[in-house]
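Topology and contacts: notes
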Amino acid sequence: MRNWNRLIVAVLALALAATACDPYQGENTGTPSIAAVFATDGNPDGASFTEGAFNSTSSRWEILDIPSTCHPDTTAPITAPAGSILADQYAIFVTANKLLSGPSIEQAPAGSCLPALTGAGGTEWLTATPTPVGQSWFSCYFPSSPSPDLGGSVVMFKTDNFNDTWNAVAVLEGSATTTTSYTMDGTVSDQQGHPLTLNVTATVAPGTLAGQTTGLHAIEVAGNNVNLTWANAACGGTPTYSVQRSAAVAPGVSCPATSTFTTLASGLTAQSYTDATITTGSKYCYRVRVTVGTDNGAYSAVVS
């Protein structure tokens, strides 16, 4: 799973140079406002970074088309449920124009990252939908400014359990056919007690049903036969599989480049195939990919 300590580095690197304190902590006493919203999965290179914009028609901040993928896929979290369309492990950042009040965002003791309880009734400030099964929405506060012109950030994410390393951030589920929407609403405050309304909609773009085939094994079963088996690589639909093999190479020689592979079989519905056309004493390299409808998954790692 992502190391969410790296997420802090990624966020600060994407903005201007970090500052140790908010320059408006003592002098900016005006009404707080949202300066920016974005979603990130914590990759330090910023490749998985989706910025939002304010929609004046709906009066909401919108983060559109967070990319999603099919699981099982080697790029998807290993803890994700099989047969899912996922948007990796995303957290939603809402950055204000001034320093905010941490107690209005997190429960006491500070750092719990559960939505803060307000009033005698103990109502959580954050309402997020859909409600995840077996999980909850959490909110943390970054008081450090990512640039001299910005204040603190409210960070919202869902998980089944929070820990101080942020490794517990859970995936956002998606769909292979429709856009999936997550809405977050609530009110926090700045250090002077002025309210700040957070109204964010984040959408997960549809993902392919065909993932990367994993678990490919090649076992010599008898004489000139090699039996191939692999794991399911589809997130739905009716998957079929294609098997490719390289030309024979001498033992000890590395597997060739992808351009030298040819297709042995396609349209396979089983997760196995027996190659009976090999010559004893030669080395062969195999790879497999899944197809669902018109979607082709990524090829598996090569085995020999």
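If you're wondering where the values come from, they're calculated on a predicted model, not measured in any experiment. (Residues numbered from 1 in each chain as written. Predicted model: local features only at pLDDT ≥ 70, side-chain atom pairs only at ≥ 80, totals over all residues. Heavy atoms only, no water.)

Some remarks on the overall build of the chain
How we decide: Strands here mean DSSP runs of E at least two residues long; helices mean DSSP runs of H or I at least four residues long; both are numbered from the N terminus. Burial classification: accessible surface area is computed with a 1.4 Å probe over protein chains only, and a residue below 20% of its type maximum counts as buried, one above 50% as exposed, and the rest as partly exposed. Residue burial considers only the protein chains on display, and all accessible areas are found by Shrake-Rupley using a 1.4 Å probe.
What the chain contains, in helices and strands, is one helix and 21 strands. Looking at the chain as a whole, 47% of its 304 residues qualify as buried. If you sum the accessible surface of the chain, you get close to 13,700 Å²; carbon and sulfur atoms cover 54% of it.

Some words on the nonpolar core
Our working rule: Throughout, nonpolar core names a set of buried Ala, Val, Leu, Ile, Met, Phe, Trp, Tyr and Cys residues whose side chains join them through atoms within 4.5 Å. Every residue pair with non-hydrogen atoms within 4.5 Å of one another is taken to be in contact.
Counting 31 residues, the largest nonpolar core has Trp125, Met156 and Met184 as its most contacted members. Among the elements of the structure, β1 (34-40), β4 (60-66), β7 (91-96), β11 (136-142), β12 (153-159), β13 (180-189) and β14 (195-204) are those that each provide at least two residues to this core. Examining the composition of this core, we find that five residues originate from one element, β14, more than from any other. Ignoring anything within four residues of it in the chain, the contact list for Trp125 reads Ser104, Ile105, Pro115, Ala116, Ser139, Val154, Met156, Asp185, Gly186, Thr187, Val188 and Leu198.

Re the environment of Phe261
Topologically, Phe261 is positioned in the loop between β17 (239-245) and β18 (262-268). In sequence terms Phe261 and Tyr286 are 25 residues apart; their C-alpha atoms lie 8.2 Å from each other. Beyond its immediate sequence surroundings of up to four residues, Phe261 is in contact with Gln244, Arg245, Ser246, Pro256, Cys285, Tyr286, Arg287 and Val302.

A short note on the packing of aromatic side chains
We count it as follows: Stacked, tilted and edge-to-face are the three classes applied to pairs of Phe, Tyr and Trp rings, where Trp contributes its six-membered ring and a pair requires centres within 6.5 Å; stacked means planes under 30 degrees apart, edge-to-face means over 60, and tilted covers the rest.
Under the defined criterion, the tally for this structure stands at seven aromatic pairs. When the ring of Phe38 is compared with that of Phe93, the centres are 4.9 Å apart and the planes differ by 10°; the resulting orientation is stacked. Of this pair, Phe38 sits in strand β1 while Phe93 sits in strand β7, and the two are 55 residues apart along the sequence. Owing to a relative accessible area of 9%, Phe38 belongs among the buried residues under this scheme. Note on Phe93: relative accessible area 0%, which makes it buried. Ring plane angle 55° and centroid distance 5.6 Å describe the contact between Trp230 and Tyr241, whose orientation is recorded as tilted. Here Trp230 is found in the loop between β16 (225-229) and β17, whereas its partner Tyr241 is found in strand β17, with eleven residues between them in sequence.

Things to note about the pairing of β14
The following threshold applies: The pairing criterion for strands is at least two bridges between them, as found by DSSP.
Burial of β14 is extensive: eight of the ten residues sit out of reach of the surface. Direction of pairing for β4 relative to β14: parallel, over a ladder of four bridges. Paired with Ile63 across the bridge in β14 is Ala202. In the sheet, β13 pairs with β14 via ten bridges, with the strands oriented antiparallel. The residue of β14 that forms the bridge with Gly186 is Leu198. Taking the residues that link successive antiparallel strands as the turn, the β13-β14 hairpin has five residues, and the phi of Gly193 there is positive, at about 90°.

Quick look at unusual backbone geometry
Trans is the prevailing form of peptide bonds, just as negative phi is the prevailing case for residues other than glycine. Thr129 connects to Pro130 through a cis peptide bond whose omega is 0°. Along the chain, Pro130 turns up in the loop between β10 (127-129) and β11. Phi is positive for Asp88, which is not a glycine, with a value near 55°. When you line up the elements, Asp88 lands in the loop between β6 (84-86) and β7.

Some words on the sheet that holds β18
Ordered in space as β18-β17-β20-β21, the four strands form an open sheet in which the pairing is antiparallel. Each edge of the sheet is formed by a strand with only one pairing partner; in this case those strands are β18 and β21 (295-296). The sheet contact formed by β17 and strand β20 (residues 286-292) spans seven bridges and is antiparallel. By the bridge assignment, Gln244 is partnered in β20 with Arg287.

Topic: the sheet that holds strand β3 (residues 53-55)
Definition in use: All axes are obtained by fitting lines to C-alpha atoms, using only the stretch in contact for helices, and the reported angles, taken between N-to-C directions, cover 0 to 180 degrees.
Ordered by their spatial adjacency, five strands build an open sheet running β3-β4-β14-β13-β10, and the pairing between neighbours is mixed. Edge positions in the open sheet fall to β3 and β10, since each of these has one partner strand only. Each adjacent strand pair in this sheet contributes to an overall mean axis angle of 25°, direction not counted. Sheet topology places β10 next to β13; three bridges connect them, and they run antiparallel. For Thr129, the partnering residue across the bridge sits in β13 and is Thr183.

As for the confidence of the model for the chain
Stated formally: Scored from 0 to 100, pLDDT reflects the predictor's confidence in each residue.
Summary statistics for the chain give a mean pLDDT of 81 and a share of 79% for residues scoring 70 or more. Low confidence marks residues 1-26, where pLDDT is under 50. Its contacts with residues over four positions away, or in another chain, come to 70 contacts.

Some details on the state of the cysteines
Rules: By convention in this document, the label disulfide applies to cysteine sulfur atom pairs within 2.5 Å.
Under the counting rule described, the total for this entry stands at three disulfides. The residue that forms a disulfide with Cys113 is Cys140, at a sulfur-sulfur distance of 1.7 Å. A torsion of 120° about the S-S bond marks the disulfide between Cys113 and Cys140 as right-handed. Taken together, the positions of Cys113 in the loop between β7 and β8 (117-118) and Cys140 in strand β11 put the pair 27 residues apart, joining distant regions of the chain. Classification of Cys113 as buried rests on a relative accessible area of 4%.

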